[in-house]
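Reading the structure
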Amino acid sequence: MNIYIYWIIGVFIISMVCGFIFIPIILNFCKAKQLYDIPNARKIHKNAIPRLGGIAFMPSMFIAFAIALSAISVTDKLITVNIWSLYFLISILLIYVMGIIDDVLGLSPLIKFVVQIVAACFLPFSGLYINNLYGFMGIHEIPYLIGFPLTVLVIVFIDNAVNLIDGIDGLAASLSIMALAGFLYIFSSQDIWAYAILIAGLIGVLVAFLYFNLFGDVNKNRKIFMGDAGSLTLGFILGFFCVKYTMANPAVITQHNFDFYIAFTLLLVPMFDVVRVFMVRLLHGRSPFQADKNHIHHKFMNAGLTQHQALACIVALAAAYIALNHFLLMAVSNTYVFFIDVAIYVCLNIALNHAIRKKEATKAQTA
């Protein structure tokens, strides 16, 4: 077995252990400082719950990565610190700090949006940008002047998509773990072990977070949310990986063993959800940024499912998209696959709307 596989497993375990150490400390800190996510009409939870779980993500991931990097560098030169690495580190730290400030003090949507744009701009400034769509919608190579704003748009879009779907226990973390596992496979298959090891570290702390988020006891102060520090950090990292894999750069990725659309398939559910929600708000004459309870997890629950049942259905939907697109991309172009994906999502929402109306009609008859 490749030695790096052992390091991927080791980093996963180290990061998970860090998560199990850090999260209880964060919980105790939140209790002492009375830092809670307070329930309101827009939120599903009924209890005041700490929302600083995302603070544990970056330290756990980087501690595990640093340990692995130090050990591997003794016998093997795993990576060199290049301009991409430095700019990525700066941008992700900017998002992480902004998320913490928002969770503790609160920030306006405009400030968060501006910071996201600034952070996303670091990547194309360093030379990392979407420069090829490989025939999607008939588009192939993209010049820098178009690729720059497209890259910023994609990263900010994915960042907000992950942030906005974080509405029920375990959802954002589960979808992120699934997407990260896909990227881990993609990068390890290309022998890009530095990113694979980094991803393993993030998955490890997410597993620890899921334990407290899904199974933690509120009465014992052992339940926690990831907050914006977590969801925005996850979204930005996932957006970075999408751009990293999409960019045509033979010096780093010798060949795309998977169609580039697979990278975005890993995040289709949160991306489709935010587009649908924004469109519905605009059609009803509301601001697309006005929060409501119209996300896909709300629709599953309005149809009669519990939080955990809704979680299972959405994760199954994401897995089904990945499996379906893997086979479809062997037969048809990524443009056709995209329209098939959209059609499936539209049909699902029509079915959910029908189930919700049926449930409401039954409730009205029995009232």
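Structure: above.
Our subject in this report is the structure included herewith. Remember, predicted model here, so these are calculated numbers, not experimental data.

What follows covers the pattern of salt bridges. Oppositely charged side chains can form a pair if their charged atoms are brought close together. Counted under the stated rule, the structure contains 4 salt bridges. Lys112 is the salt-bridge partner of Asp228, the closest N and O atoms lying 3.2 Å from each other. In this pair, Asp228 is assigned in helix H8 (residues 227-246) and Lys112 in helix H4 (residues 109-125), connecting sequence segments 116 residues apart. Pair check on accessibility: Asp228 and Lys112 agree, each one buried. One salt bridge connects Asp169 with Lys223, and the closest N-O pair in it is separated by 2.7 Å. With Asp169 in the loop between helix H5 (144-164) and helix H6 (171-189) and Lys223 in the loop between helix H7 (193-215) and H8, this pair connects stretches of sequence that are 54 residues apart. Accessibility assignment for this pair places Asp169 and Lys223 in one class, buried. Overlapping salt bridges, with partners in common, bring together Asp102, Lys112 and Asp228 in one network.

With that settled, the discussion passes to the packing of helix H10 (residues 268-283) against helix H12 (residues 307-328). Relative orientation of the contacting elements H10 and H12 amounts to 110°, with a least axis distance of 9 Å. Classified by the angle their axes make, H10 and H12 are roughly perpendicular. Within the contact between the two elements, H10 uses Leu268, Val269 and Phe272 and H12 uses Ile314, Leu317, Ala318, Tyr321 and Asn325.

Bringing the packing of aromatic side chains into the picture now. Within this structure, the stated rule accounts for 28 aromatic pairs. Summarising the aromatic geometry, the rings of Phe20 and Phe212 are spaced 5.8 Å apart at their centres and angled 50° between planes, so their arrangement reads as tilted. With Phe20 in helix H1 (residues 3-33) and Phe212 in helix H7, this residue pair connects regions lying 192 residues apart in the sequence. Each member of the aromatic cluster is reached from another via a ring pair, and the members are Tyr134, Phe136, Phe260, Tyr261, Phe264, Phe272, Tyr321, Phe338, Phe339 and Tyr345.

Its location among the elements puts Thr151 in helix H5. One polar contact links the side chain of Thr151 to the main-chain carbonyl oxygen of Gly147, over a distance of 2.6 Å.

Counting buried positions along strand E1 (residues 132-136) yields 4 of 5 residues, so the element is predominantly enclosed. Note: E1 against strand E2 (residues 139-141), 2 bridges, orientation antiparallel. Bridge assignment links Phe136 to a residue of E2, and that residue is Ile139. Between the antiparallel neighbours E1 and E2 lie 2 residues, among them Met137 with a positive phi of about 55°.

Rules and cut-offs
- The residue numbering used here restarts from 1 in each chain and proceeds along that chain's sequence as written.
- In view of the model being predicted, local features appear only for residues whose pLDDT reaches at least 70, and side-chain atom pairs are presented and counted only at 80 or more, with totals across whole chains, interfaces and linings using the full set of residues.
- Here the side-chain values reflect all heavy atoms present in the structure, with hydrogen atoms and water set aside.
- In the sections that follow, a salt bridge refers to a side-chain nitrogen of Lys or Arg positioned within 4 Å of a carboxyl oxygen of Asp or Glu.
- Helix and strand assignments come from DSSP, with helices taken as H or I runs of at least 4 residues and strands as E runs of at least 2, each series counted from the N terminus.
- Exposure is judged per residue with a 1.4 Å probe applied to protein chains only, and the accessible area is read against the type maximum: over 50% gives exposed, under 20% gives buried, and values in between give partly exposed.
- Working convention: axes come from line fits to C-alpha atoms, limited for helices to the stretch in contact. Angles between N-to-C directions cover 0 to 180 degrees.
- Any angle between 65 and 115 degrees counts as roughly perpendicular, while under 35 counts as roughly parallel, over 145 as roughly antiparallel, and the rest as oblique.
- Throughout, a residue-residue contact means that at least one pair of heavy atoms, one from each residue, lies within 4.5 Å.
- A pair of Phe, Tyr and Trp rings is counted when the ring centres sit within 6.5 Å of each other, with Trp represented by its six-membered ring. The angle between the planes then sorts it: under 30 degrees is stacked, over 60 is edge-to-face, the rest tilted.
- In protein, a polar contact means a hydrogen-donor-capable atom and an acceptor-capable atom, both N or O and within 3.5 Å, with residues adjacent in sequence counting only if both atoms are side-chain atoms; elsewhere, any N or O pair within 3.5 Å suffices.
- The rule for pairing is simple: two strands pair if DSSP sees at least two bridges between them.

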